[in-house]
Amino acid sequence: MSHLKEPLHPEGPKLSRIVAGMWRLDEWSYTQKELIGWIEKCMDFGVTSFDHADIYGDYRCESLFGAVLKEKPGLRGQIELVSKCGICLISNKKPFHKITHYNTTADHIISSVQQSLENLNTDYLDLLLIHRPSPLMDADETAAGLNRLIRSEIVRNVGVSNFTPSQFNLLQSRLDRPLVTNQVEFSLLHADPVYDGTFDQMQTHRIRPIVWSPFGGGRLFSSDETRAVRVRKVLNKLAVKYQADIDQIALAWLLTFPSRPFPVLGTGKIERIEKAVGALEIDLERQDWFALLEAYHGEPVP
Amino acid sequence: MSHLKEPLHPEGPKLSRIVAGMWRLDEWSYTQKELIGWIEKCMDFGVTSFDHADIYGDYRCESLFGAVLKEKPGLRGQIELVSKCGICLISNKKPFHKITHYNTTADHIISSVQQSLENLNTDYLDLLLIHRPSPLMDADETAAGLNRLIRSEIVRNVGVSNFTPSQFNLLQSRLDRPLVTNQVEFSLLHADPVYDGTFDQMQTHRIRPIVWSPFGGGRLFSSDETRAVRVRKVLNKLAVKYQADIDQIALAWLLTFPSRPFPVLGTGKIERIEKAVGALEIDLERQDWFALLEAYHGEPVP
Amino acid sequence: MSHLKEPLHPEGPKLSRIVAGMWRLDEWSYTQKELIGWIEKCMDFGVTSFDHADIYGDYRCESLFGAVLKEKPGLRGQIELVSKCGICLISNKKPFHKITHYNTTADHIISSVQQSLENLNTDYLDLLLIHRPSPLMDADETAAGLNRLIRSEIVRNVGVSNFTPSQFNLLQSRLDRPLVTNQVEFSLLHADPVYDGTFDQMQTHRIRPIVWSPFGGGRLFSSDETRAVRVRKVLNKLAVKYQADIDQIALAWLLTFPSRPFPVLGTGKIERIEKAVGALEIDLERQDWFALLEAYHGEPVP
């Protein structure tokens, strides 16, 4: 089932419009059998793209997922694997790491991807992202690593995460292929990418964002900060009107943006995945959409 | 009389360097005869460009002006009409509007312009501006509407208002013709466009800004905020030196910018229009100009 | 001796990686003989580039240096002279200056350079910088002046100082030749250029920054502001590890940036110049580098 697949970029991969985020996979306490069941249900709902990073779960999440692919190798061709590299965490597994730091050298990128492929039991990534912009990023060096991965076909597409427009332009200037996305934080609690040029740049170049923390890490539903309370009030009203849940309304709001973002949902609960897919059917009226923007800002648009 | 007309853009319309702003036309309480007299006097002073928007005066100002053009159709060829679209206000005239919002779809843009033409009793606009950048602006969609208006010749030039440089680039990337201006707020109380890249972008592309609120909505003359007090003190000193009024000095300061802005004056008092035209003759000495910039910042330039 | 010379730009001049800053030359109280000795020692250490500006030392520093070149004309061919123009200071020497202001007209630029050449007893500058971005910079006008200086060969290369990326683009758009640098403030107390797009722009176009105040005007070593204290603590630790002085560690940190900046040291003490040159040999380990970045931010990288 692939009805949710859409191109991330004119030259880029097709991903499912709802992406499953793997950053807490290790905390779900699934047996391998349960995890297989969960993945297959995701696929039944059309959610075929899985967002990893080398560091998730203290460098363990990729392997948990990879064990599934080892047992069920037929799944690989039906799904899209995204992973990331460039952050170096303090970890028992990395005794040389004394401090959280970045490494965007060609050597590090290539060895990180090789490890990710081994962990995931696959021979290619559909998409590799540079996880964070490093002040030490030598664009020639980083691009050389990415270009080599592309040419060797073990990485089919490359992108970035948490980059400013000028950092994006810098890396792009050295690459043979277009960066196909910029994965950024974006939610009704954090709409900076709308105003700081990030989404403008992407829409200009017909690049679609992947967005993380679409519910502000859950604070949208639970926090008593003023903005969260204001937004939640409107979400509740619209949930009644559209006969939906408030997380569906929040997602529908994000999905409406003309840069057409792909939200990442970091949930192990299949019913939340199902609901997220349901949000794709909600067509928010323009004025309802602006009611949420007004709640975000705490005042009407000027 | 057209001695104030200057090109807004190499390919764009000629406007009078001082533009008459129509946003409070409905509050001036002019009879139609008085309004005709006022317009003709503006024209005698060389002020031939009139800045409208669909929404001004709760959607009424265009019609007041249009009644004049109906009575005096010969005026149309001697003046330039600017209007705007994209903001949707709560109004008795718009019962469906529950909240202030934006609409930059092709359908809305086109029907808004058709209404503006009907209100103004004209068959073309010299310049149409997208009034505010909408977070929901789909550049393909908005540009499709603008391209169609240009091709049908009912809009001769298009531009934007209150756009950041990246929003400007985004819309431009989809248009057949150059955006000829970005109308922004600018005054000795609000000089952000000098520092945030807005004027740099325009000078780079030889686009001239139109600037609104050149006196900060009058606060420059009356407010007791520190900046206003500081600036006014220098304005008063220079008014003596140049034998001019302080609003003329403030205008002369704006007019000196190398992006060569066109200020919009929203006044119904013809003597203020006359004075504004007089400001074009004032050639501020460089150090006097910097004395005003120093007052704006509250400290010497670094 | 020229082992420190590196290209500032693919088309640009070669400068010594450590640049000697002349802005306080008048305060060093050197006799001419002492100054000659100091300059020759700089050259022995490979520091052959000298950073001037018309205004340094109340318009006097260039002349002090020029007196040396008059006595020792053979030095000129072995060194690189950078100067700047565009700032007009209040000074006894400039009775017409009532206020600090900028002047980036072609006439001012050309006459300022002619005065600099006369002061310095030379017939060319290796590099001329516009000292500050002026809100009144008419790019056509400023570029006309710079283009003329380049064609007449009395200025071999042009650049800017303290410009934002959009100001840089604006001036570049009118020039026949590339701007070869943007000289900006940068240190472990002021790392804005890393985050505001300044260094990204330069790396993208293979332009290398020259950086002023690499020790925050000495505050890095003496200030009790929180950031300085935090950074100093790490510098001290690394000084032990690398058997170096803390100013060498601070310089090594700057030199590591992929935009490969040229620091300007405004010291008359030859031992500090020697140490700075020594910093070029220090190869900070990646995690030590990030320990300094963490101290700068007061928290680990995200």
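Counting from 1, residues in each chain are numbered in the order their sequence is written. The lettering of chains begins at A and the numbering of ligands begins at 1, in the order of writing. At least 70 in pLDDT is required for a residue's local features to be given in this predicted model, at least 80 for side-chain atom pairs to be given and counted, and no such filter applies to totals for whole chains, interfaces and linings, which use all residues. Derived side-chain values reflect all non-hydrogen atoms in the structure, with water molecules and hydrogen atoms excluded from consideration.

**Observations regarding the overall build of chain A**
In terms of regular secondary structure, chain A is built from 13 helices and 12 strands. Just to be clear, the radius of gyration here is over C-alpha atoms, and the globule rule we use is 2.2 Å times residues to the power 0.38. Taken over the C-alpha trace, chain A has a radius of gyration of 19 Å; the compact-globule value for 302 residues is 19 Å, and the two agree within 12%. By principal-axis analysis of the C-alpha atoms, chain A measures approximately 50 × 45 × 40 Å. For the exposure calls, accessible area comes from a 1.4 Å probe over protein chains only, and a residue counts as buried if that area is under 20% of its type's maximum, exposed if over 50%, partly exposed in between. Buried positions account for 61% of the 302 residues belonging to chain A. In chain A, 75% of the contacts between residues at least 6 apart in sequence involve partners at least 24 apart. Only DSSP runs of H or I reaching four residues or more are called helices, and only runs of E reaching two or more are called strands; each is numbered from the N terminus. Between two residues, a contact is recorded if the distance between any of their heavy atoms is within 4.5 Å.

**What about the nonpolar core?**
Here, nonpolar core refers to any group of buried Ala, Val, Leu, Ile, Met, Phe, Trp, Tyr and Cys residues whose side-chain atoms link them within 4.5 Å. Counting residues in each nonpolar core, the largest one holds 293 residues, and the members touching the most others are W38 of chain A, W38 of chain B together with W38 of chain C. Each residue touching W38 of chain A, except ones within four places of it in the same chain, is listed here: A20, M22, W28, Y30, F50, T267, G268, K269, I270 and I273 of chain A.

**Observations regarding the packing of aromatic side chains**
Pairing of aromatic rings covers Phe, Tyr and Trp, the last through its six-membered ring, and needs centres within 6.5 Å; plane angles under 30 degrees mean stacked, over 60 mean edge-to-face, and all others mean tilted. Summed over the entire model, instances satisfying the criterion amount to 45 aromatic pairs over all chains. The rings of Y102 of chain A together with F186, F199, W253, F257, W289 and F290 of chain C are connected pair by pair, giving a single aromatic cluster. Placement of a charge over a ring requires the Lys NZ or Arg CZ to be within 6 Å of the ring centre, with the centre-to-atom vector within 35 degrees of the ring normal. A cation over an aromatic ring shows up here: R17 of chain A above the ring of F262 of chain A, its NZ or CZ 5.8 Å from the ring centre. In this arrangement the basic side chain of R156 of chain A is found over the ring face of Y124 of chain A, its NZ or CZ atom lying 3.7 Å from the centre.

**Things to note about the pairing of strand 5 (residues 80-85) of chain B**
Residue and element names in this part refer to chain B. For strand 5, a buried count of 6 out of 6 residues is recorded, marking the element as mostly surrounded by other parts of the structure. Here strand 5 shows two buried faces, one formed by E80, V82 and K84 and the other by L81, S83 and C85. Two strands are said to pair when DSSP picks up at least two bridges between them. Where strand 4 (residues 49-51) and strand 5 come together, 3 bridges link them in parallel fashion. Residue pairing in the sheet places S49 in a bridge with E80 of strand 5. Two elements, strand 5 and strand 8 (residues 127-130), share 4 bridges in a ladder whose sense is parallel. Opposite S83, over in strand 8, you have L128 as the bridge partner.

**With respect to the sheet that holds strand 11 (residues 210-212) of chain B**
Pairing is parallel around the closed barrel formed by 8 strands, whose spatial order is 3-4-5-8-9-10-11-12 (chain B). When the angles between neighbouring strand axes are averaged without regard to direction, this sheet yields 30°. Only the contacting stretch of a helix is used when fitting its axis, a line to C-alpha atoms as for every element, and angles between N-to-C directions run 0 to 180 degrees.

**Side note on the interface of chain C and chain A**
Taken together, the contact pairs 20 residues of chain C with 26 residues of chain A. Contact between chain C and chain A buries roughly 1900 Å² in total, counting both sides, with carbon and sulfur atoms accounting for 56%. When two parts are brought into contact, each loses some accessible area as probed by a 1.4 Å sphere; the total of that loss over both is the buried area. Sorting the residues of chain C by area buried against chain A places R286, Q287 and F290 of chain C first, and these three jointly supply 32% of that buried surface. Among the salt bridges present, the one from R206 of chain C reaches D140 of chain A, with a minimum N-O distance of 2.8 Å. Of all the elements in the fold, those that place two or more residues in the side of chain C that touches chain A are helix 7 (192-195), helix 8 (198-204) and helix 13 (286-297) of chain C. We count a salt bridge whenever a side-chain nitrogen from Lys or Arg sits within 4 Å of a carboxyl oxygen from Asp or Glu.

**Topic: the packing of helix 11 (residues 246-255) of chain C against helix 12 (residues 270-279) of chain C**
All names here are of chain C. Packing of helix 11 against helix 12 brings their axes to within 8 Å, and their N-to-C directions diverge by 45°. Classified by the angle between their axes, helix 11 and helix 12 sit oblique to one another. Between helix 11 and helix 12 lies a crossing of right-handed hand. Along the contact surface, helix 11 presents D247, Q248, L251, A252 and L255, while helix 12 presents R272, K275, A276, G278 and A279. Here the contact of helix 11 with helix 12 is built from residues that sort into 5 nonpolar, 2 polar and 3 charged. Angle categories: roughly parallel below 35 degrees, roughly antiparallel above 145, roughly perpendicular from 65 to 115, and oblique for all the rest. Handedness of each helix crossing follows the sense of rotation of the near helix against the far helix: counterclockwise by less than a right angle gives left-handed, clockwise gives right-handed. As a working rule, the residues Ala, Val, Leu, Ile, Met, Phe, Trp, Tyr, Cys and Pro are called nonpolar, Asp, Glu, Lys and Arg charged, and the rest polar, with Gly in that last group.

**So, the pattern of salt bridges**
All names here are of chain C. Scanning the model with the defined rule gives 45 salt bridges over all chains in all. D26 is the partner of R60 in a salt bridge, and the nearest nitrogen-oxygen pair spans 3.0 Å. Of this pair, R60 sits in the loop between helix 2 (56-59) and helix 3 (61-71) while D26 sits in the loop between strand 3 (19-21) and helix 1 (32-44), placing them 34 residues apart in sequence. Look at R60 and you get partly exposed, because its relative accessible area is 40%.

**Notes on the relation of the copies chain A and chain B**
When chain A is fitted to chain B, the residual RMSD is 0.0 Å, and the transformation amounts to a turn of 120° plus an axial shift of 0.0 Å. Taken together, the rotation and translation relating the two chain copies correspond to the operation of a three-fold axis. We superpose the copies by least squares over the C-alpha atoms of residues that have a pLDDT of at least 70 in both of them.

**A look at the interface of chain A and chain B**
Each partner contributes residues to the interface: chain A has 20 residues there, and chain B has 26 residues. Summed over both sides, the interface of chain A with chain B buries roughly 1900 Å², with 57% coming from carbon and sulfur. Within 3.5 Å is the distance limit for a polar contact, defined as a pair of N or O atoms, with the added protein rule that one can donate a hydrogen and the other accept it, and that residues adjacent in sequence qualify only through two side-chain atoms. Between chain A and chain B we count 11 residue pairs in polar contact (both at pLDDT 80 or more) in total. Broken down by secondary-structure element, the contributors of at least two residues to the side of chain A that touches chain B are helix 7 (192-195), helix 8 (198-204) and helix 13 (286-297) of chain A. Counting residues per element, the side of chain A that touches chain B draws most heavily on helix 13 of chain A, at 7 residues. By residue class, the composition of the side of chain A that touches chain B is 11 nonpolar, 5 polar and 4 charged.

**Things to note about the sheet that holds strand 4 (residues 49-51) of chain C**
Residues and elements named next belong to chain C. The parallel closed barrel is built from 8 strands, whose spatial order is 3-4-5-8-9-10-11-12. The average undirected angle you get between the axes of adjacent strands in this sheet is 30°. Direction of pairing for strand 3 relative to strand 12 (residues 262-265): parallel, over a ladder of 2 bridges. What sits directly across from V19, in strand 12, is V264. Strand contacts of helix 4 (residues 106-120): strand 5 (80-85) and strand 8 (127-130), with the helix running at about 140° to strand 5, the strand carrying the most contacts.

**What to know about the side chain of S187 of chain A**
Residues and elements named next belong to chain A. Checked against the element boundaries, S187 lands in the loop between strand 10 (182-185) and helix 7. Residue classification places S187 among the buried positions, given a relative accessible area of 1%. Looking at S187, its side chain comes within polar contact range of the main-chain nitrogen of L189, at 2.9 Å. Sequence-distant contacts of S187, that is, excluding residues within four places in its chain, are made with S213, P214, F215, G216, W253, L254 and Y296.

**Digging into unusual backbone geometry**
Residues and elements named next belong to chain A. One non-glycine residue with positive phi stands out, namely Y59, at about 70°. With respect to the helices and strands, Y59 occurs in helix 2 (residues 56-59). Owing to a relative accessible area of 11%, Y59 belongs among the buried residues under this scheme. The backbone of S213 sits at a positive phi, close to 55°, despite the residue not being glycine. With respect to the secondary-structure elements, S213 resides in the loop between strand 11 (210-212) and helix 9 (219-222). Its relative accessible area of 14% is what places S213 among the buried residues.

**Remarks on the state of the cysteines**
Residues and elements named next belong to chain A. Sulfur atoms of two cysteines make up a disulfide when they are within 2.5 Å. Enumeration over the complete set of coordinates arrives at 0 disulfides over all chains. The thiol of C42 is not disulfide-bonded; the next cysteine sulfur, from C61, is found 14 Å away. Classification of C42 as buried rests on a relative accessible area of 0%.

**Remarks on the side chain of S259 of chain B**
All names here are of chain B. Structurally, S259 is set in the loop between helix 11 (246-255) and strand 12 (262-265). On the accessibility criterion, S259 (5% relative accessible area) is buried. The residues contacting S259, other than those within four sequence positions of it, are F199, I207, R208 and P209.

**Quick notes on the environment of G57 of chain B**
Residue and element names in this part refer to chain B. Along the chain, G57 turns up in helix 2 (residues 56-59). In sequence terms G57 and A295 are 238 residues apart; their C-alpha atoms lie 34 Å from each other. Beyond its immediate sequence surroundings of up to four residues, G57 is in contact with W23 and D26.

**Looking at the confidence of the model for chain A**
Known as pLDDT, the predictor's per-residue confidence is scaled from 0 to 100. Confidence along chain A averages 97 in pLDDT terms, with 99% of residues attaining 70 or more. Our summary of model confidence lists the complex with pTM equal to 0.97 and ipTM equal to 0.96.

**Things to note about helix 6 (residues 165-172) of chain B**
Every buried residue belonging to helix 6 of chain B is among Q167, F168, L170 and L171 of chain B, and all of these are buried. Relative to the axis of helix 6 of chain B, the buried residues are bounded by an arc of 160° and lie together on one face. Taken together, the buried residues of helix 6 of chain B touch helix 8 of chain A together with strand 8, helix 5 (139-151), strand 9 (158-161), strand 10 (182-185) and helix 8 (198-204) of chain B. Directions are taken from the helix axis to each C-beta atom, and the arc is the one they span.

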